[in-house]
Amino acid sequence: MTELAWRLTRLGGRSALLSTGLTALAVAVATLLLQFAVAGNFAFDARADRTTWRDVPEADTGSVLLATASDHYGGDSVTRVDLAALAGDAPAPPGMDAFPAVGEVWLSPAAADLLDGVPDSDFLARYGDVEVAGELGPEALAHPNELVVVVGRSADDPAMAAERSNADTVSPRVVDGFGGGQPDTVYGFYLILMVLAAILMAVPAAVFGAAAARLTVSRRDERLATLRLIGATPGQVMRLTLIETVLAAVAGSIAGTVLWMLATPLVALIPIDGGRWFTADLWAGAPWMAVVALAVPVLVAVSALVGLRGVVISPLGVARRVKPKGLKAIRVLIFAGLAVLFMIATQLVGGSMIAVAILIGLFAATLAAVNLIGPWLVQRLGRTLARTARGPARLLAARRLAEDPKAAWRTVSGVAIAGFVAGSVALFPMLVTDTGTQATESIAAMVPAADADALAATLAAELGDRADVAVVDSSGYLTAGSGSAVIEATTSGTDLEAVRSTMTAVLPGDAPEREIDSSLMSNRIVSSVRTGVTVVLAVVFITAAVSTAISAIGSVLDRRRTYRLLHLAGTPQQVLDQARRQETLLPLAFLGGASVLTGMALTAPVIGVMGFDASGALILGATLAAGTASVIAAGALARPLLRSVMQDVSPRPD
């Protein structure tokens, strides 16, 4: 059977080889994108794991006293880890050769670059009389650009006794090592976003991969129907199809996996959460990469077998080109039902991980159902255009849409799904707060109420005339409560960091902050979301462009006999080319706009809670314009092939 499949491919001429090559190319692209989507989840897991050493559980007895705080320098947030040895055998933290001695400071490479040339009074002085002892290794950092400072202190240092109250900080605790800790809480949020991004990228890629098995499906169906009519059994037809498609799919899957391995260093440059990636983070591991590489050919095989129903059940109908039945409206009901369930779930479910999983599952199902309703809409559009057509090109295009909506949908499915994705995510609020230094700045810290006056007097003496110090009820987001007070220092923007350093050295506990410093984390998350949205939209529109190009070429190969006969009957090549373009552009305009609006409506209840802003609309408009232009350009690649088909005017059997 394998020999027969190869013989049919080889004797089919250049068109058969081109068809096989298109299938392999489509599978390669789909595999590349799926490897990307899967690797992203492992990458965030790796980042989270490298932050666990900063929040290890408290032990009854241990050799290390640990605390963390969030320092700031300018518009950057710096993670500070305070360590004090309680015994001579204190273990070295990850990324360090030895436990930090008292007065030693270890900096991450990015922090060392940031502080290069910065006066000690503006930063290092906040930790006392210290010296830089070394740089942290990758094992201690979430990503290469993370700003981390490890400070070696004595066990009786006041900083190792003061409680910390800010989010993602650890109050002083005794630990017996640096294993078994909790990752930074922000990575739980990023993991949810990455799962959503993986779905948004994986569903179009999977649809594209499944469609690869249906390229030039009419030519193949006619050939297989002929084999059935001369005595081939359904099993033989299925095996022949599997061999023909799976071999091309396996070649494409291997090529896509190799391309992903080569592209990984470039993908690692994409900044998320304030920094690029360690390349090793983007390796999902050989088992998972093999699973993805095998899953795509299996998907192609299943799609190919599903497409054989007509050949197996009614080979005579295929051979005689019997008009297929219209698609049923149940497709619309399924899509509408899933969309309504998702919108209801957004209003009813809580914030637990189970609820989030349900929401993500419903959204993924709704996105996949776009591929179900799409052919039905194409068929209805074709019938409407056929009734109103005023020229031969429009009539030919409309008849094609109405009579073979699934094939027409494969040409524009990438655009429709891309539009749905764009409408769903691009309007999330992405405003970034300005955290630049102002002419006059107020910086404050929370302290115990009993010590407030004494600490304020000490601070005022240390600062002199560089700042005005006062004990206040509230400053920015800090409000004094029972047993606590707020010390505020007002200074000029030029003295901000020096004043901050003095306050950090004098006031133990949480690091002093400006009110605007609380926006640094949200700015980082918003910037990450903006980058993620841009990457997702770029991926889905690249998928759409490649899908359109391959499907358009496959469509010409599929109907070259029809094109030749129409040309022999007197139809000008210009008319056929116009009809081919309209087959793509008409559903593209209709389904593209409808899918964008549907995606926006679907996520409006979620986005409305967070508020809208113009930046998302700009990203949406820019990506839609660039994506539509690339898709139209990709569809034009079929024009030379159509011209080549027209040059051979002698019809011959396929």
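Novice: Any chance you could explain the overall build of the chain here in plain terms?
Specialist: Counting secondary structure elements, the chain contains 20 helices and 11 strands. Here the chain holds 654 residues, and the buried ones make up 52% of them. In the chain, 82% of the contacts between residues at least 6 apart in sequence involve partners at least 24 apart. Here the chain displays about 28,100 Å² of accessible surface, and carbon together with sulfur accounts for 63% of that area.

Novice: Explain the packing of helix α14 (residues 452-463) against helix α15 (residues 496-506) to me, please; I cannot follow it from the model alone.
Specialist: The angle between the axes and the distance between the axes are what describe a pair of packed helices. The contact between α14 and α15 brings their axes to 10 Å, and the two run at 140 degrees. If you check the angle between α14 and α15, you find them oblique. Crossing of α14 over α15 shows right-handed handedness. Between α14, through Leu455, Thr458, Leu459, Glu462 and Leu463, and α15, the contact on the second element is made entirely by Val499, Thr502, Met503 and Val506. Tallied by class, the residues present in the contact of α14 with α15 amount to six nonpolar, two polar and one charged.

Novice: Would you mind showing me how to read the confidence of the model for the chain here?
Specialist: Where the model shows low pLDDT, its predicted coordinates should not be examined in detail. Chain-level pLDDT for the chain is 81 on average; 84% of the residues reach the 70-or-more range. Ranking the elements of the chain by mean pLDDT puts helix α9 (residues 315-319) last with 43 and strand β3 (residues 104-107) first with 96. Low pLDDT, under 50, characterises residues 310-322; the predicted model gives this stretch 25 contacts beyond four residues in sequence or across chains.

Novice: I tried to follow the sheet that holds strand β8 (residues 467-472) on my own but got confused; where do I start?
Specialist: Pairing between the strands of a sheet comes from backbone hydrogen bonds, and it takes one of two forms, parallel or antiparallel. Pairing within the open sheet is antiparallel, and its three strands lie in the order β7-β11-β8. Pairing within the sheet leaves two strands with one partner each, and these edge strands are β7 (440-448) and β8. Adjacent strand axes in the sheet meet at a mean angle of 20 degrees when their direction is disregarded. Bridge count between β8 and strand β11 (residues 484-492): six bridges; the pairing is antiparallel. By the bridge assignment, Ala470 is partnered in β11 with Glu488. Here α14 sits on the sheet in contact with β7, β8 and β11, set at roughly 175 degrees to β8. Lying over the sheet, α15 contacts β7, β8 and β11, oriented at roughly 10 degrees with respect to β7.

Novice: How should I be thinking about the sheet that holds strand β2 (residues 76-85) in this particular structure?
Specialist: An order of β4-β3-β5-β2-β1-β6 is seen for the six strands of this open sheet, with the pairing classed as mixed. Both outer strands of the open sheet, β4 (131-135) and β6 (173-175), are each paired with one neighbouring strand and no more. Mean inter-strand twist for the sheet, computed between neighbouring axes without regard to direction, equals 30 degrees. In terms of strand pairing, strand β1 (residues 64-73) meets β2 through 10 bridges, oriented antiparallel. Following the sheet pairing, Val64 is matched in β2 by Ala85.

Novice: Where do I start with the pattern of salt bridges in this structure?
Specialist: Pairing is possible between side chains that carry opposite charge, provided their charged atoms lie close to one another. Under the counting rule described, the total for this entry stands at 17 salt bridges. With a shortest N-O distance of 3.6 Å, Arg126 and Glu497 are connected by a salt bridge. Linking Arg126 in the loop between α3 (109-115) and β4 with Glu497 in helix α15, this pair joins segments that are 371 residues apart in sequence. Glu497 carries the same exposure label as Arg126, and that label is buried.

Novice: Help me out: how do you make sense of the nonpolar core in this one?
Specialist: A general trend in soluble globular proteins is that nonpolar side chains are found buried together. Judged by nonpolar contacts, the single largest core of 94 residues is most densely connected at Leu367 and Val421. Setting aside residues up to four positions removed in sequence, Val421 forms contacts with Leu200, Leu367, Val536, Leu537 and Val540. Val64, Met96, Trp106 and Val175 belong to the second largest nonpolar core, which has 18 residues in total.

Novice: In this structure, what is going on with helix α10 (residues 330-348)? I would like to understand it.
Specialist: Since the α-helix advances by 3.6 residues per turn, residues separated by three or four positions end up pointing in the same direction. Here α10 spans 27 Å end to end across 19 residues, near enough to the 27 Å set by a 1.5 Å rise per residue. Burial in α10 covers these residues: Arg331, Phe335, Leu338, Ala339, Phe342, Ala345 and Thr346. Along the long axis of α10, the arc covered by the buried residues comes to 125 degrees, so they all point the same way. For α10, the exposed residues set more than 90 degrees away from the buried face come down to Leu333, Gln347 and Leu348.

Novice: What should I look at first to understand α15 in this one?
Specialist: Of all 11 residues that make up α15, 10 are buried, and the element is covered over most of its length. Within α15 the residues assigned to the buried category are Leu496, Glu497, Ala498, Val499, Arg500, Ser501, Thr502, Met503, Thr504 and Val506. Contacts made by the buried residues of α15 are with β1, β2, β7, α14, β8 and β11.

Novice: What exactly am I supposed to notice about the packing of aromatic side chains here?
Specialist: For the coordinates displayed, the defined rule picks out 11 aromatic pairs. For the pair Phe189 and Tyr190, a centre-to-centre distance of 6.1 Å together with 55 degrees between the ring planes defines the contact as tilted. A relative accessible area of 38% means that Phe189 is categorised as partly exposed. Their ring planes at 55 degrees and their centres at 5.5 Å tell us that Phe342 and Phe363 sit as a pair that is tilted. In this pair, Phe342 sits in helix α10 while Phe363 sits in helix α11 (residues 353-388), placing the two residues 21 residues apart along the sequence. Of the two residues, Phe342 and Phe363, neither departs from the other in class, the shared state being buried. Grouping aromatic residues by their ring pairs yields a cluster made of Phe44, Tyr187, Phe189, Tyr190 and Trp277.

What counts, and at which threshold
- Residues numbered from 1 in each chain as written.
- Predicted model: local features only at pLDDT ≥ 70, side-chain atom pairs only at ≥ 80, totals over all residues.
- Heavy atoms only, no water.
- Helix = DSSP H or I, 4+ residues; strand = E, 2+ residues; numbered from the N terminus.
- Buried < 20%, exposed > 50% of the residue type's maximum accessible area, 1.4 Å probe, protein only.
- Contact = heavy atoms within 4.5 Å.
- Areas by Shrake-Rupley, 256 points an atom, 1.4 Å probe, with all protein chains shown as cover.
- Axes fitted to C-alpha atoms, helices over the stretch in contact; angles between N-to-C directions.
- Parallel < 35°, antiparallel > 145°, perpendicular 65-115°, else oblique.
- Left-handed = near helix turned anticlockwise from the far one by under 90°.
- Nonpolar A, V, L, I, M, F, W, Y, C, P; charged D, E, K, R; others polar.
- pLDDT = per-residue confidence, 0-100.
- Pairing = 2+ DSSP bridges.
- Salt bridge = Lys/Arg side-chain N within 4 Å of Asp/Glu carboxyl O.
- Core = buried A, V, L, I, M, F, W, Y, C linked by side-chain atoms within 4.5 Å.
- Expected span 1.5 Å × (residues − 1).
- Arc of directions from axis to C-beta.
- Phe/Tyr/Trp six-rings, centres within 6.5 Å; stacked < 30°, edge-to-face > 60°.

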